[in-house]
Amino acid sequence: MNRYFALLTLLLTLLATPALAQIEIRGPGQQAIPAALTPFLPQEGAPSPQVAAEIEAVLRWDLELSGLFSLIDPKAFLADAARIGLASTQVDFAEWQMLGAEAVIKGAYSVTGDQLVLEARLFDVVSRRLLTGRRYVGKVKDVRQMAHSFADQILLSLTSESGPFSTRIAYISNSSGNKELYLMEVDGHDPVRLTNHRSIVLNPDFSGVGKELLFTSYKAGNPDLYRKEIYSGKEAKLSSRQGLNTGGRYSPSGRELALTLSKDGNSELYLLGTDGSERKRLTNEWGIDVDPSWNPAGDKLAFVSDRQGNPHIFILDLVSGKTNRLTGNSKYNSTPAWSPKGDRIAFSRLEGGSFNIFTIRPDGSDERQLTFGGGNKEHPRWSPDGRFLVYSSDKEGRKAVFIMRADGTGSVRISPPGGDSNHPAWSGTW
């Protein structure tokens, strides 16, 4: 349950017998679904143009990022757009068909003091029925989260998989003069500073349920691993062994974490309990082993090692103990991130003087380059649904955080201006 606001979500009774959507679902990069996002209208009380504009802006950004929709220009809307129409019997489907729409999003809101009630609907124009609807009750300040939540619901209704728009992205920024840990919405709004270490903070990672963050900080002079509770603000040092304590990543079960320690002189991978106790040393090679990333099953780790000369991505089978090299003849590969679907691993590669982002299958096949052009693109991390990647880039000059679809299209900057922003991490459930 999102603690940022008291959100009551009521599933509406569909006016038609539940069935699969008649809208043809196409993947990003293919022909998009023509959809109409109508203005959200006041249902009771005085109109609030600011609330209505915020709802539309959030939904428009989320749906355009998905790559699944082609939103019809509101200037083409006819009379039905000015009617609330929360039931299928109140929607003029013939009018929307004339405009070429296959889906229509309609809604209404009521503002009473600081209280907000938001009604939202998705209609299938092709089959002339309601696909899904939600009623949200909360504070006016929660309007953005309500709209993000309905965008998630739209994707769930059409693809049987919820969107990631209600989640959060952690990142590192030096906008305060020091490298500190921040949190923002998926579209970059509402950035919040989480640390005040007045030092160097690096490599954040969320717990599986998004309630905690791991990160490395030089606050005490050594690169120590910290854990921070997001809601309470409580912070604790988890590992302060001599040397590196970095790259901490929670296992999918949340019962242990992998990280790099150099307490024995060399940078090796270890497993720690969530209390910081050492459970197992995972690697024992002369090379440097860093940047672990779990597969969804929790029985393999992708990581970076220079044990064979140049930095390459390797996969460690935690059951058999066997290690296999994943990347081929390239000279410098870094920061692997295993997709939550388990089918691909994203990573950065240095070629031609700059870093770009690639993905590859866990068996080493089907390598794809996702980013091109000037500047460096580094530190890729997946959205919890595997549809998107967040990464950092200096292609605009200073380092900033960007989002793109998993096929490399739709790249957009999300981090706010001021300072450098990098090392993003994407939360799971929020």
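Here the structure is a predicted model, which means the values were calculated and not measured.

(A) Local environment of the packing of aromatic side chains. Summed over all chains, the structure comprises 9 aromatic pairs. Ring geometry for F165 and F388: centres 6.0 Å apart, planes at 50 degrees, overall tilted. Here F165 is found in the loop between α3 (143-159) and β8 (168-173), whereas its partner F388 is found in strand β28 (residues 388-393), with 223 residues between them in sequence. What makes F165 buried here is its relative accessible area of 0%.

(B) The environment of S393, seen in detail. Checked against the element boundaries, S393 lands in strand β28. You can call S393 buried: its relative accessible area is 1%. Remark: the alpha-carbon pair of S393 and G298, spanning 95 residues in sequence, is separated by 29 Å. Here S393 is in contact with N376, K377, R398, K399, A400 and F402, once residues within four sequence places are set aside. A polar side-chain atom of S393 sits 2.8 Å from the main-chain carbonyl oxygen of N376.

(C) Quick peek at the layout of surface pockets. When its volume is computed, the largest pocket comes out at roughly 1,000 Å³. Together, 44 residues line the largest pocket, and D205, R249, P292, S293 and R381 are the ones closest to its centre. At the level of secondary structure, the elements contributing two or more residues to the lining of the largest pocket comprise β11 (201-206), β15 (245-250), β19 (289-294), β23 (333-338), β27 (377-382) and β31 (421-426). Along the lines of polarity and charge, the residues of the lining of the largest pocket split into 22 nonpolar, 16 polar and 6 charged.

Rules behind the numbers
- Residues numbered from 1 in each chain as written.
- Predicted model: local features only at pLDDT ≥ 70, side-chain atom pairs only at ≥ 80, totals over all residues.
- Heavy atoms only, no water.
- Phe/Tyr/Trp six-rings, centres within 6.5 Å; stacked < 30°, edge-to-face > 60°.
- Helix = DSSP H or I, 4+ residues; strand = E, 2+ residues; numbered from the N terminus.
- Buried < 20%, exposed > 50% of the residue type's maximum accessible area, 1.4 Å probe, protein only.
- Contact = heavy atoms within 4.5 Å.
- Polar contact = N/O pair within 3.5 Å; in protein donor to acceptor, adjacent residues only side chain to side chain.
- 1 Å grid on protein atoms, 1.4 Å probe; cavity = no way out; pocket = protein on both sides within 12 Å on 5 of 7 lines; lining within 4 Å.
- Points joined across faces, edges and corners; volume = space filled by probe spheres on them.
- Nonpolar A, V, L, I, M, F, W, Y, C, P; charged D, E, K, R; others polar.

It is worth stressing that arrangement in space is one thing and function is another; only the former is reported here.
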